[in-house]
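Chain and residue survey
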Amino acid sequence: MHKILSNKKAIVLFLFPTVLLISVFVVVPICMSVYYSMLDWDGIGKGMFIGLQNYIDMLSDTRFTSSIKNSLLYAAFSLFLQLPFSLLLAIVVANVSRGEKFYRTTFFIPVIISGVVIGQLWQKIYNGDYGLLNAVLGMFGIEGQDWLGQENTALLAAFVPNLWQYIGYHMLIMYAGIKSISPDINEAAKIDGANKIQTAFRITIPLLKPILQVCITFSLIGALKIFDLIYVLTGGGPFFSTEVPTIYMYKTVFDSFNYGYGSAISIFVILECLILTIVLRLFFREKGETS
């Protein structure tokens, strides 16, 4: 193995397929989008170079800023609601005496279901005429409503299915991290008189910091680039109240045929995710150095 790793030709040979795939499907499309974002182009005819005008227009576009606010709100829901609940489930499932495999599989099932299918399912649940949610509320004398058709409820209603879908995903990652902790550490804490809550907060969670960093990064980036589920549920409506940047980008390109402006939005989403990833890495590194 050492002989292979010291052979530069072998290294190039093994890395070439990966580098080629990343270049063709990631680097080249991003570079093309950067170029297109500087054009006034409908995607069909000849584009006119306008420099950074598309990016300047984005700053004064209230529809775009509203979509950013919606995506940041969803990111906050993911960070402060989805991840804590996933962590709680992971700790509980990792410590149950019976049925561990059953609970682990059950909570993970929504992850493997298509976002389109989940969107259709929750459309039926939210339906104002025959939806399950209104039927349950009616049993308690609470009047139902059209959850996806009203501006004041549509945004939260569109977020809930996505939060529900990926709770099991983060739970499984955290569960694996908990299982990787040496049992001797927990036994030592138990001998010292620590109860389960003290063990969770003072041993399990601190040792899960690298895993939590991964989950936070995945959750926040996923929130910023969410598309399919919200598109199926509301299409960004009503009155753009559930629109996020990816949906606005899609409509700008394929409905308004403004390919240049849509490309500028896509570059913004890429930069937003990149900057967030760097900030999170710095945040966790600084925390590690001060601890």
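Now for a look at the structure at hand. Residues take numbers from 1 onward in each chain, read along the sequence in its written order. Local features in this predicted model are restricted to residues whose pLDDT is 70 or higher, and side-chain atom pairs enter the listing and the counts only when it is 80 or higher, whereas totals over whole chains, interfaces and linings include all residues. Heavy atoms from the whole structure form the basis of all side-chain values; hydrogens and water molecules are not counted.

So, the pattern of salt bridges
For salt bridges, the criterion is a side-chain nitrogen of Lys or Arg within 4 Å of an Asp or Glu carboxyl oxygen. All told, the structure shown has 3 salt bridges when counted by the stated rule. Measuring nitrogen to oxygen at the nearest pair gives 2.8 Å for the salt bridge that ties E243 to R63. Here E243, found in the loop between α12 (228–233) and α13 (245–254), pairs with R63, found in helix α4 (residues 62–95); they are 180 residues apart in sequence, far enough to count as distant. Throughout, exposure labels follow a simple rule: accessible area from a 1.4 Å probe, protein chains only, divided by the maximum for the residue type, with under 20% read as buried, over 50% as exposed, and the rest as partly exposed. Given a relative accessible area of 1%, E243 falls into the buried group. Ionic pairing is found between E100 and K179, a salt bridge with its closest N-O pair at 3.2 Å. You can see E100 sitting in helix α5 (residues 100–112) and its partner K179 sitting in helix α8 (residues 151–179), a full 79 residues away along the chain. Helix and strand definitions follow DSSP, with helices as H or I runs of at least four residues and strands as E runs of at least two, each counted in order from the N terminus.

Brief notes about the nonpolar core
In terms of nonpolar packing, the biggest core is built from 41 residues, with M174 and I230 touching the most fellow members. For this core, the elements supplying multiple residues, two or more each, are α4, α6 (115–126), α8, α11 (209–224), α12 and α14 (259–290). Apart from residues lying up to four places away in sequence, I230 is in contact with A158, F159, G235, G236, T242, V244 and I247. Here the nonpolar core consists of buried residues drawn from Ala, Val, Leu, Ile, Met, Phe, Trp, Tyr and Cys, with membership extended through side-chain atoms lying within 4.5 Å. M58, I68, Y261 and I265 belong to the second largest nonpolar core, which has 7 residues in total. Any two residues whose heavy atoms approach within 4.5 Å at even a single point are treated as in contact.

Comments concerning the side chain of N70
The residue N70 is located in helix α4 in this model. Excluding anything up to four places from it in sequence, N70 contacts L155, F159, F240, S241, T242, E243 and V244.

Here we look at α11
Here the expected span of a helix is defined as 1.5 Å times the quantity of residues minus one. Over its 16 residues, α11 runs 22 Å from end to end, which matches the ideal 22 Å to within 8%, given 1.5 Å per residue. Among the residues making up α11, those that are buried are L212, C215, I216, T217, S219, L220, I221, A223 and L224.

Description of helix α10 (residues 196–207)
Owing to its 3.6 residues per turn, the α-helix aligns residues three or four sequence positions apart on the same side. Listed as buried for α10 are T199, A200, I203 and T204. For α10, the angular spread of buried residues about the axis comes to 130°, placing them on one side. Along α10, exposed side chains directed more than 90 degrees from the buried face belong to I197, F201 and R202. As for α10, its buried residues are in contact with α4, α8 and α9 (183–191). To obtain the arc, one takes the directions from the helix axis to the C-beta atoms.

What about the packing of α4 against α8?
Here the axes come from fitting lines to C-alpha atoms, over the contacting stretch only for helices, and the angles between their N-to-C directions go from 0 to 180 degrees. With their axes 7 Å apart at the nearest point, α4 and α8 run at an angle of 40° to one another. Regarding the angle of α4 to α8, the classification is oblique. In terms of crossing hand, the pair formed by α4 and α8 is right-handed. With respect to orientation, any angle under 35 degrees is reported as roughly parallel, any angle over 145 as roughly antiparallel, any angle of 65 to 115 as roughly perpendicular, and every other angle as oblique. A clockwise turn of the near helix away from the far one marks a right-handed crossing, whereas an anticlockwise turn of less than a right angle marks a left-handed crossing.

Considering the state of the cysteines
Only a pair of cysteine sulfur atoms within 2.5 Å counts as a disulfide in this structure description. Following the criterion strictly, the structure yields 0 disulfides and no others. Between C31, a cysteine without a disulfide, and C273, which holds the nearest cysteine sulfur, the sulfur-to-sulfur distance is 17 Å. The exposure class assigned to C273 is buried, which follows from its relative accessible area of 11%.

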